[in-house]
Every structure is written in structure tokens, then in C-alpha cells.
Amino acid sequence: MAPLFQWWDKGSHRGGTPVVVKMENPNWSMLELEGPSEEDFLPTGSQKSKSKKNAKQLTWVLLLKAHRAAGCLSSIASATFGVVSAIRRRVASGRTDYEMGSEEIEEMCDDNPTVKSSKFYGFIKVFLWLSLALLGFEVVAYFKGWHFGDPHLQLQYLKYFWNGDLGFRGTFDSIYARWVLIRVEYLAPPLQYLASFCIVLFLIQSADRLILCFGCFWIRFNKIKPTPKQQFVRDIESSNENVENYFPMILVQIPMCNEKEVYQQSIAAVCNLDWPKENILIQVLDDSNDPTTQLLIKEEVQKWQQEGARILYRHRVVRDGYKAGNLKSAMSCSYVNDYEFVAIFDADFQPTPDFLKRTVPHFKDNEEVALVQARWSFVNKDENLLTRLQNINLAFHFEVEQQVNGIFISFFGFNGTAGVWRIKALEDAGGWLERTTVEDMDIAIRAHLHGWKFIFLNDVECQCELPESYEAYRKQQHRWHSGPMQLFRLCLPDIIRSKINIGKKANLIFLFFLLRKLILPFYSFTLFCIILPMTMFVPEAELPSWVICYIPAIMSFLNILPAPKSFPFIVPYLLFENTMSVTKFNAMISGLFQLGSAYEWVVTKKSGRSSEGDLASLLDKGPKHQHQRGNSVPDLDAMEKEQVLMNKKKKHNRIYTKELALAFLLLTASARSLLSAQGIHFYFLLFQGIAFLLVGLDLIGEQVE
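Just so you know, these numbers come straight off a predicted model, no measurement behind them.

Novice: How would you sum up the pairing of strand β6 (residues 341–344)? Please name residues and give values.
Specialist: The side-chain alternation of β6 yields two buried faces, one formed by Phe341 and Ala343 and the other by Val342 and Ile344. Sheet topology note: the strand β3 (residues 250–256)/β6 ladder contains 4 bridges and is parallel. In the sheet register, Leu251 faces β6, and the bridge partner there is Val342. Looking at chain direction, β6 and strand β8 (residues 419–422) are connected through 4 bridges and run antiparallel. Bridged to Ile344 within β8 is Gly419.

Shown next, in the form of C-alpha cells:
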């Protein structure tokens, strides 16, 4: 290649730069490539040298195209080999989601005799094997000449054929004609009815989401936001000692369970809250059953006590009721009567020092307000594709759902953390109950039924951590979608008998529970994972293209508006949300019918990434902050060494059987759609099947220990 470059350099080349192509086996890489100048494309009759240069330039254009093609093929090949090797590792490890939950389910069975095993995987497998059998049947029919491009088959023609007027061409033709008649007369009508029913639900839910987005736009356009009394704000921010009586007594609770990765950051952040020490008490509510973790947390609390913080360590002997039981036990202490408000932070949450000063003022002269909720922000939202997709979902939840409901109806579901409660409202609602796995939503519903109002502050953020592995995210979503159905069964009579007006009752029953907690996972799974593949094998029942493509695309676009930087991930987001429908549907069914997995409570695995960044930023602020933290500041070098040791631990990925079964079901249906030229249905089924395959092989998110 060197003589070629030298020959090219001999000619005059004004306004351009030489092309430098570096070839390294097996990959090609380009160091610099710049297009020709305008003079290189002068007309033929200008100069002879120009003509020569034009020919040379065309040669380089062809070389460039060849280079790009080689690079594309190389990247596709490497990606394919990577996926194949990952599949081999997953299959060789033999770890599935059943192994993951076996011990937990056994423990729950010991505690609760009503636990039953789920048959959801068997339900999906039936459809998978049926689709494989039908695909083989349809392929044979296709090669025998049974080409039905139009899904609306002519029943009269088939009956004429069946009567023998055209004669049979063989046994298979007779069997296939019977099958076509059966699906036209018996299978297509109910399938089409179910599809139409799900489409109606889909449109209703889409309209609800559109209205919420319009409400959010209205709030932004008119700059509406909750504002506390201005006099109290000036007083609470003043340094004058005469206004200290305006600081109410605050109880701060940090419930945790075996979370040694993040306990230091939460305790440090809460102990640095800017509030008079005599008016605040911190409870570290440790439910850990690991003696080492208990000792570490207890030592951390003692260090802060030596620094002058009013902080207590509590550990339950009888650990019943999960988080609700932990909070209920803490509220039974006699000294709680001295406090007016309670702020709750989960173990991975890091409130800013001014958190209480920005939330508590909203209670002043608002005796009807029971809760002030802050939004979450995420320190690891850009860690991997899984966290990016979670950030899109939760940004919409806080920016749109919580804010709109808080502004217009003064009610929303408590998020379980980063909120301040009026203790009188908690007691009036009946306190914490252990009857569901969504104790935060439970207490919010009961407080709302007693007439209390809620305030959501979209401009007050509290840092936390997103689950980085699919296993942790899957468990979290299962709890978040099974709990509301348990709660719906339990509180429906209370909602009907309550004294709130009919509009609030309708909002709770039809919007809060049925539409957003039951209908959404039902139609997502049923319509896109079951009905759509089946319409490929029963083409007389069809789904219009706007249901498959246009409406989901519009809804995904609306969902991504609160996180505009995530717009490049709109297609993965749409596919991943449909993929998660299998987990959400299973959780919804488990909670609605009180199946075994409805009682699962698995603490979401934390990585502790937020702890390192938070500590580093505090250390950079200078010696003053180091003195405030005292002996509780860990050695960052030691933390890095510990992180290296943790990374060296053996990690693995699991095979998720439900997702894999649905992947093969969708890919089988996409293959069937090719026989009848279903158009956009093929592309949707193909990409959705690939998305299920990647998730089923745990190729999204981080590995787990």
C-alpha cells in the first residue's frame, strides 16, 4: 500500500487530505478519511490533470465502500460469535430462574401453608409446542400449493373443495382443508373477539396516558408547583435563634436488611441533614440476619453517636412482616410520641442536607396534608442498557403520573421512601400493616380514604440506585406488580364503604387499580405475546398494523419525553417493555389469586456504586466535611481494594425459561408470517422475539454473584 500512497501524494491536492487506511487482521480500522475538494469534480474538459484526479478519486470512493462493507461484515460476524459464545456459556452453566427461587419458595411454604406453585411456564410451553407443530404443518401446506396470501379465506371455496367437486390431491390436502374449516368457523371468531377486547383496553389505557401527558404539559406551561407558606420558609432558613421553635420534631427511619454495600452512605447522608440536632432522631432499623452485617451497621451507628448525632440502632428478634413489620415495630416505641413527622429513607437513598428544609415547610398551616413525597434520581442510570431503560420508565412515573395526580387530585401512591409523613395521619390510617408486600401503597390508600391529602415535589430529588442485573430487576418488578393486586382484594370493600366522594372512589377502583395495575399488564402480555403470534396461524383473525406499530410507537414517544436524552433508546425501550410484560402478568395473576409467588419478598440487590461517588465528592469538599463525618469516613483505597475483590468473585448469568419460551414462540410466528406475507407483523415478531431471546439468556444488565 505504501507505493500507492506515494503515487497519490505526487499529484496536486488542494483543499483535501490524503486518505490513510490502516488494515490490521482480522479487522479494518480507518485513521483519517476526508472527502475530495470541489475541484476534484470539475467538468471533463477543464484540465487533463483534473480528469486524472477525478479517476483517482473514484477509485478511492470504491475503496471506501469496500472498506465500509468489510467493516460491517466484520462487526456482524464478531457480534454473532459473541452471542453464540454467550449462549454456550449459559447452557453450560445450567442455571435457570427455577434454581434461583427454590430455597426462597421453600421458606415461604414453611411460613405460609397456602403457597401454591405457579403453572405459568407450562401455559407458555403449550403455546410454544402448538406453534412449532403448526409451523411444520403450514410449511408442508405451503410447498403443496396451499398459498393463502389474503387472510380472509374464501369459506365457500373451501366448502366446495370439501364436497369433492374439485377432487382431493391427497390425504394431507384433506386434513389441511379440515383444519382450515375448523379455524375459520371455530377458532377465528373467539380469537378475533379476544383481540378486539384487548385492543379496546389498549386504547383506553393509551387515552389515560395521553391525558396524563397533557396534564403534565399544562403544569409545565403554567409553571404550577406546590409552594409552602413564604413566612415559614423565611423563618426556617433564617439563622436567628428566635425562630428555632418553627423547627418541628422529626423522626428519621432507615429500614434495611442485609445491605452491607450501602449502609454507610445512607447513614452518613441522614446524619448530615441540616436540622437542629435536638429536634431530630434517627432510627436505623436493621432486619439483617447476617451477624457480620449487623456488627458493621452497629459500629457505624456508634461512630456517629460519638460525633454527637442523635441516632439509635434497632434490631428485631422476631422478623415478621418484612419492611412493614420493621416500621411498625419502630413506631411502637414510647419516645415516638414526642415527634410530629417521620421521614423514611431506604438503605440506598442519599438525601441532600437541605431535604427536610425543602419538604417540611409544606406541612405548615396545611393540617390536611399527610405526606410530602420527593422524586428519585439515579446515580447509575447510565451504567448499562438495563439502567437506561429503567430510568425512562421511572422518569415518566415521577414527572407525569405522580406530579399530575399530586397537583390535580392530591393523591398518589407513596413510593415507600424519600417521603415525610405526618405521624398523626399514619395513626389515623391504622398504622403499618403486614398484609401485603406493598406496605407503602397500603398506607397511602388508607390515609386517602380518611380524607388526608398528599403533596409531590418534582423539584426535590433524592439520590438512589437502580438494580443493575436483570435478576434483581425482575424480582423487584414482581413484588411491585403482585402487591397491588393483593391490596385491591383487601381494600375494595373499604373503598366502597368509605365516605369519600364518588369521583375519588371511581379514580381508586377504575384508574388506580384496574386500569394501571391490572389492565396494563393483562393486555400487554395477552395482545403482544399470545394473540399476535396466534393470528399468524389463524390468519382469519387479524390485528391491524396501527395496533402493532403506530400506537405503541406514539406511547413510547410520550413515555420518553420526560427523559429526552434517552431518545436513542426508544426502540429498545418499546421492545423491553413488552418483554417485561411476562413478569408483570405473572405477578399480577399471582397477586390477584393469592398464588405462592405473591408472597415473595426479596431485597433488591445493591452494588454500592453510589457510595463510592458520594464519599469521594464529600472528601473533595475539604477538611470541614471530613471532620463532620469523623471516624465514619472509610478509606477510599481500602474500598477500591474491596471492590476489586468483589469483582473477582465468581459471577454467572441465568437462563430465564419463560422469556426463552416466548422468544421461540414469537420467532416461530415470525417464520409463519413469511408464508403469508404479513408485512409489518413479521418485523415486529422478529425483533420482539430477538428481544425476548436476549433477555432470556440474561444478556442485558450486569452479571450476578
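Next comes the rest of the write-up.
Novice: Please give an account of the UniProt feature "transmembrane region" (unreviewed entry) in the chain that cites residues and values.
Specialist: Following the UniProt record, one finds the feature "transmembrane region" (unreviewed entry) at residues 126–143, 193–219, 508–537 and 680–700. In residues 126–143, helix accounts for 100% and strand for 0%; the two terminal C-alpha atoms are 26 Å from one another. Each end of residues 193–219 is marked by a C-alpha atom, and these two atoms are 39 Å apart; helix forms 100% of the span and strand 0%.

Novice: Break down the packing of helix α4 (residues 120–143) against helix α22 (residues 657–675) for me, citing the residues and quoting the values.
Specialist: Put simply, α4 and α22 touch, their axes get as near as 9 Å, and they point 20 degrees apart. What the angle tells us is that α4 and α22 run roughly parallel. Crossing of α4 over α22 shows left-handed handedness. The residues of α22 that touch α4, namely those facing Phe120, Tyr121, Ile124, Phe127, Leu128, Ser131, Leu132, Leu135, Glu138, Val139 and Tyr142, are Thr657, Lys658, Ala661, Leu662, Phe664, Leu665, Thr668, Ala671, Arg672 and Leu675. A class-by-class count of the residues in the contact of α4 with α22 yields 15 nonpolar, 3 polar and 3 charged.

Novice: Can you explain a nonpolar patch on the surface? Please cite residues and give values.
Specialist: There is a patch of nonpolar side chains on the surface, built from Phe214, Phe217, Trp218, Phe221, Ile224, Phe408 and Ile409 and spanning about 750 Å² of accessible area. The leading source of residues in the nonpolar patch is helix α6 (residues 171–221), at 4 residues. Tracing the backbone shows Phe217 in helix α6. Assessed through its relative accessible area of 51%, Phe217 is described here as exposed.

Novice: I'd love a proper account of the side chain of Ser131, names of residues and values included.
Specialist: Assignment of secondary structure puts Ser131 in helix α4. The class for Ser131 is buried, based on a relative accessible area of 0%.

Novice: How would you explain the sheet that holds β8 if you had to name every residue and give the values?
Specialist: Strands sit in the order β5-β4-β3-β6-β8-β7-β9 across an open sheet of 7 strands; the sheet is mixed. The open sheet terminates on both sides in strands that have one partner only, identified here as β5 (311–315) and β9 (453–464). Across the sheet, the mean angle from the axis of one strand to that of its neighbour is 20 degrees, orientation sign disregarded. Contacting β3, β4 (280–286) and β5, helix α8 (residues 263–271) runs over the sheet at an angle of about 175 degrees to β3. Against the sheet, helix α9 (residues 291–306) makes contact with β3, β4 and β5, and its axis sits at roughly 160 degrees relative to β5, the strand it touches most.

Novice: Give a description of the nonpolar core that names residues and reports values.
Specialist: In terms of nonpolar packing, the biggest core is built from 86 residues, with Ile267, Leu356, Trp421 and Ile445 touching the most fellow members. Once you skip the residues sitting within four places of it in the chain, Ile445 turns out to touch Phe411, Leu487, Cys491, Leu508, Phe512 and Phe513. Counting residues in each nonpolar core, the second largest holds 64 residues, with Trp179, Ile530, Met536 and Val547 among its members.

Novice: Could you give me a rundown of α9, with the residues and numbers involved?
Specialist: For α9, with 16 residues, the first-to-last C-alpha span of 23 Å sits near the 22 Å given by 1.5 Å per residue. Of the positions making up α9, those classed as buried are Thr293, Ile297, Glu300, Val301 and Trp304. Projected down its long axis, α9 shows its buried positions confined to an angular sector of 95 degrees, all on one face. Projecting away from the buried face of α9 at angles above 90 degrees are the exposed residues Pro291 and Gln306. Looking one or two places after α9, you find Gly308, whose phi comes out positive at around 100 degrees.

Novice: I'd like a description of the packing of helix α16 (residues 502–537) against helix α23 (residues 680–696), backed by residues and values.
Specialist: The interhelical angle for the contact between α16 and α23, taken along N-to-C directions, is 135 degrees, at an axis separation of 11 Å. When the interaxial angle is binned, α16 and α23 end up oblique. Considering only the axes of α16 and α23, their crossing is left-handed. Note on element contacts: α23 touches α16 through His681, Phe684, Leu685 and Phe692, opposite Phe528, Cys529, Leu532, Pro533 and Met536. For the contact of α16 with α23, a count of residues per class yields 8 nonpolar, 1 polar and no charged.

Calculation criteria
- Residues numbered from 1 in each chain as written.
- Predicted model: local features only at pLDDT ≥ 70, side-chain atom pairs only at ≥ 80, totals over all residues.
- Heavy atoms only, no water.
- Buried < 20%, exposed > 50% of the residue type's maximum accessible area, 1.4 Å probe, protein only.
- Helix = DSSP H or I, 4+ residues; strand = E, 2+ residues; numbered from the N terminus.
- Pairing = 2+ DSSP bridges.
- UniProt positions renumbered as here; feature names shortened; annotations may be inferred.
- Axes fitted to C-alpha atoms, helices over the stretch in contact; angles between N-to-C directions.
- Parallel < 35°, antiparallel > 145°, perpendicular 65-115°, else oblique.
- Left-handed = near helix turned anticlockwise from the far one by under 90°.
- Contact = heavy atoms within 4.5 Å.
- Nonpolar A, V, L, I, M, F, W, Y, C, P; charged D, E, K, R; others polar.
- Patch = residues over 30% accessible without salt bridge, like charges linked within 9 Å, V, L, I, M, F, W, Y side chains within 5 Å.
- Areas by Shrake-Rupley, 256 points an atom, 1.4 Å probe, with all protein chains shown as cover.
- Salt bridge = Lys/Arg side-chain N within 4 Å of Asp/Glu carboxyl O.
- Core = buried A, V, L, I, M, F, W, Y, C linked by side-chain atoms within 4.5 Å.
- Expected span 1.5 Å × (residues − 1).
- Arc of directions from axis to C-beta.

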